[in-house]
Amino acid sequence: MKDKMKIQIKYWIIITTFMSLMGCESFIEVEAPNNQILAVDVFTTKSGAESALADIYARIREEGVVTGNTVGGTVIMAAYSDDLIFFGTNTTLQQFANHTLIPSNTSINTIWRTTYAHIYAINAFKEGVANSVNITEEDKSRFLGEALFLRAFLHFYLVNCYGQIPYCTSTDYTINQNISKKSESEIYNLILQDVTEAKELIPEDYPTAERVRPNKSVVDAFLARVHLYNQDWQEANDAATAVIENQLYSWNQDIEQEFLRDNPSIIWSLHPGLPGLNTRDARSFVFASGPPTRPTLAPDLHNAFETNDFRKTAWIKTIQGTGGPWYHANKYKKITNTGVSEEYTILFRLAEMYLIRAECKAMLNDLEGAKDDLNKIRNRAGIVDTGANTLQDVLQAILNERRLELFTEQSHRFFDLKRTGKANEVLSIVKPNWRETNRVFPLPENELLLNQNLLPQNPGY
C-alpha cells in the first residue's frame, strides 16, 4: 500500500508541477513548505493536501470553462449567445460570435484540454487523500467532498458545451486513453451521484474565512441549478430554498454592492490569486475608448432594460466615440491592483437562487409564489412588479429577468436559451449563421484523432 501511495503522490507532483509552469501563482492562501512539496509529504499532512487543493482552484480560476480570461469559458459563451457582439481581430473568438466554429478551433481544444486536466488533477487529489494514513477522517471527508463537488461542477459545464462527453473518474491511463462518450442524461446522473455524495461529506461551515471554497450550501446551490436543467422542479425548488433560508446569507438591496467581495449574498466565488488583484472578468470586458477592439455588449441587451432599471447604469457602462456608442459589462470594475482585493469572480449568488425558485414555483402551479420571487429581483432594480399572469407569460418574464440579471456570468444566457428550447427562436434573428446543431460545440479535432471512442463528431461539424 505504501509503495502504491508513493507512486500516486509522485504522479500528482508531476502533474501539478507541469500545471504550475503553465500559469500564474499557485498555492494561494495556504502556506506551502519552504522549498517544494516533497513527493512523500503531499498527503501526509493536512497542510500538504490544502496546498494541492489550492493549486486546483488556481488552475480553475486561470483557465477552462469558468475563467473570465479573454479566451476563457465566460467570455466565449457570452459571445456565443446574444450577450455580446464581436469587435476585434481575434479570429478564434470571432468563430464563436458568428457561429462558424470548426473542430480545429484552438479555443475548442483548449477549453476541453484544460478542463479535463483539472478533472484529472481532482481525481489524483481524491485518490491521494483516500489513500492517506495521516489525514484525519474529518479532514479526509471534507477533502473528498470538495473533490467530488468540483468534478461534478466541471463536467456540468463540459456537457452543456459539448453534449456527449466522457465522465472521468480515474487517473488510470489505460482507462482514460480509450474512454468513451456518455449520453447527456447519463452525464447528469453521474453529476448527481457525485454531488449527492459530496453533500454528505462537506460541512455546513466554509473551510476558510472567505467564501472561496464550497460549504454545504454551495453544494445545494449547484444542486438547484442541476435539478433546474433536468426539470426536476420540486428538487430544484427545495435546494434553492435551503440556500435562501440559510442565515449565512442575506439579501443585499444595493445593486452597487452586488459584485463586491464582501457582499453577504455571495454563496461561492473565486479568489483572484494575490492580494490586490481583482477579477479576470473586468480585464476582459472593460474598455475605455472606442472603436473597441474586443467584444461589446449587444445593443439589444442594453435596450432590453427598462429606463429606470438601476442595473442599466450600475452594471453597464456606455463608451462614446466614432461609430458609437458602445457598451461594456461593468459588473466588475477593477482592472488594476487595488492593494486590497475588492472583487472576486462570483460563481453562485442569491439572485440566481430566487430566479431558480421562481421558475420552479411557476412549473409547480404556484404562480403567485413565482411572481413574489421574480419581483424580489425586479424591485431591487427599482422596477415595478411584473404584470405577467399566465404560466407562459410568467415563464417568459423569468427568462427575460435571468438575461438582465445574469448577463456575462458563466454561460448562463446561452445555457438558458438551450435548456428552454428558445435558442433557435432568439439566436436565428441576431446570428445569421445560427443552426440548430450549434447547440453544442464540435468535439476537438485533436481529441478525435487520439481517441476513436469519441467518434462520431457532433452533428453539423
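**Let's talk about the overall build of the protein chain**
Along its length, the protein chain carries 19 helices and six strands. A compact globule built from 461 residues would reach a C-alpha radius of gyration of about 23 Å, and the protein chain, at 22 Å, matches this within 12%. The principal-axis extent of the C-alpha atoms belonging to the protein chain is close to 65 × 50 × 45 Å. Across the 461 residues of the protein chain, 58% fall into the buried class. The contacts in the protein chain between residues at least 6 apart in sequence include a share of 71% that link residues at least 24 apart. Entry remark: accessible area of the protein chain is about 18,800 Å², with carbon and sulfur atoms responsible for 51%. Positive and negative charge centroids in the protein chain, built from 45 and 56 side chains respectively, lie 3 Å apart.

**Points about helix α16 (residues 391-406)**
Its 16 residues place the ends of α16 22 Å apart at the C-alpha level, agreeing with the 22 Å of an ideal helix rising 1.5 Å per residue. For α16, the set of buried residues is V394, A397, I398, L399, E401, R402, R403, L404, E405 and L406. Downstream of α16 by a residue or two, T408 has a phi angle that is positive, lying close to 55°.

**Quick look at the state of the cysteines**
Tallying each qualifying case throughout the model produces zero disulfides. In this model C161 remains outside any disulfide bridge; the closest cysteine sulfur is found in C168, 16 Å from its own. On the basis of relative accessibility, which here comes to 5%, the residue C161 falls in the buried class.

**A look at the environment of I255**
Note that I255 resides in the loop between α10 (233-244) and β2 (266-270). In this structure, the C-alpha to C-alpha distance between I255 and K331, residues 76 residues apart in sequence, is 9.6 Å. Beyond its immediate chain neighbours, meaning those up to four positions away, I255 contacts F310, R311, A314, W315, R380 and A381.

**Side note on the side chain of N375**
Residue placement: N375 occurs in helix α15 (residues 367-380). Given the relative accessible area of 8%, N375 is considered buried. Excluding residues within four positions of it along the chain, N375 makes contact with D385 and T386.

**A look at the packing of aromatic side chains**
Throughout the structure, instances matching the rule amount to 30 aromatic pairs. Note on F96 and F441: the rings are 5.4 Å apart at their centroids and 75° apart in plane angle, and the pair reads as edge-to-face. Placement of F96 in helix α4 (residues 91-98) and of F441 in the loop between α18 (423-430) and α19 (445-450) is noted, with a sequence separation of 345 residues between them. Just as F96 is buried, F441 falls in that class too.

**Examining the confidence of the model for the protein chain**
Here the protein chain averages 91 in pLDDT, and 91% of its residues register 70 or above. Confidence drops under a pLDDT of 50 for residues 1-40, and excluding neighbours within four residues, the segment shows 70 contacts in the predicted structure.

**Quick notes on the pattern of salt bridges**
Tallied over the full model, the rule gives 38 salt bridges. With a closest N to O distance of 2.5 Å, E62 and R280 form a salt bridge. Of this pair, E62 sits in helix α2 (residues 46-62) while R280 sits in helix α11 (residues 280-285), placing them 218 residues apart in sequence. The shortest N-O distance in the salt bridge between D309 and R311 comes to 2.7 Å.

**A short note on the pairing of strand β4 (residues 316-319)**
Regular strands show a simple pattern: their side chains alternate between the two faces of the sheet. Both β4 and strand β5 (residues 326-329) contribute to a ladder of four bridges, which runs antiparallel. The residue of β5 that forms the bridge with I316 is A329. With antiparallel pairing between neighbouring strands as the criterion, β4 and β5 make up a hairpin whose turn holds six residues, including G321 at a positive phi of roughly 155°.

**What about the environment of S428?**
For S428, the location among the structural elements is in helix α18. For the pair formed by S428 and G323, sequence separation is 105 residues and the distance between their alpha carbons is 25 Å. Once you skip the residues sitting within four places of it in the chain, S428 turns out to touch A423 and W434.

**Regarding the pairing of strand β6 (residues 345-349)**
Most of β6 sits inside the fold, with five of its five residues counted as buried. In this structure, β2 lies alongside β6, joined through four bridges in antiparallel fashion. The partner of L270 across the bridge, within β6, is T345.

**A short note on unusual backbone geometry**
Cis geometry marks the peptide bond from G324 to P325, where omega comes out at 5°. Relative to the helices and strands, P325 is located in the loop between β4 and β5. Cis geometry is adopted by the peptide bond preceding P456, which originates at L455 and carries an omega value of 5°. Unlike most non-glycine residues, N365 shows phi in positive territory, near 70°. We note that S411 has phi near 75°; this positive angle belongs to a residue other than glycine.

How each quantity is defined
Residues numbered from 1 in each chain as written. Predicted model: local features only at pLDDT ≥ 70, side-chain atom pairs only at ≥ 80, totals over all residues. Heavy atoms only, no water. Helix = DSSP H or I, 4+ residues; strand = E, 2+ residues; numbered from the N terminus. Rg over C-alpha atoms; globule rule 2.2 N^0.38 Å. Buried < 20%, exposed > 50% of the residue type's maximum accessible area, 1.4 Å probe, protein only. Contact = heavy atoms within 4.5 Å. Areas by Shrake-Rupley, 256 points an atom, 1.4 Å probe, with all protein chains shown as cover. Lys, Arg positive; Asp, Glu negative; His and termini not counted. Charge placed at Lys NZ, Arg CZ, Asp CG, Glu CD. Expected span 1.5 Å × (residues − 1). Disulfide = S-S within 2.5 Å. Phe/Tyr/Trp six-rings, centres within 6.5 Å; stacked < 30°, edge-to-face > 60°. pLDDT = per-residue confidence, 0-100. Salt bridge = Lys/Arg side-chain N within 4 Å of Asp/Glu carboxyl O. Pairing = 2+ DSSP bridges.

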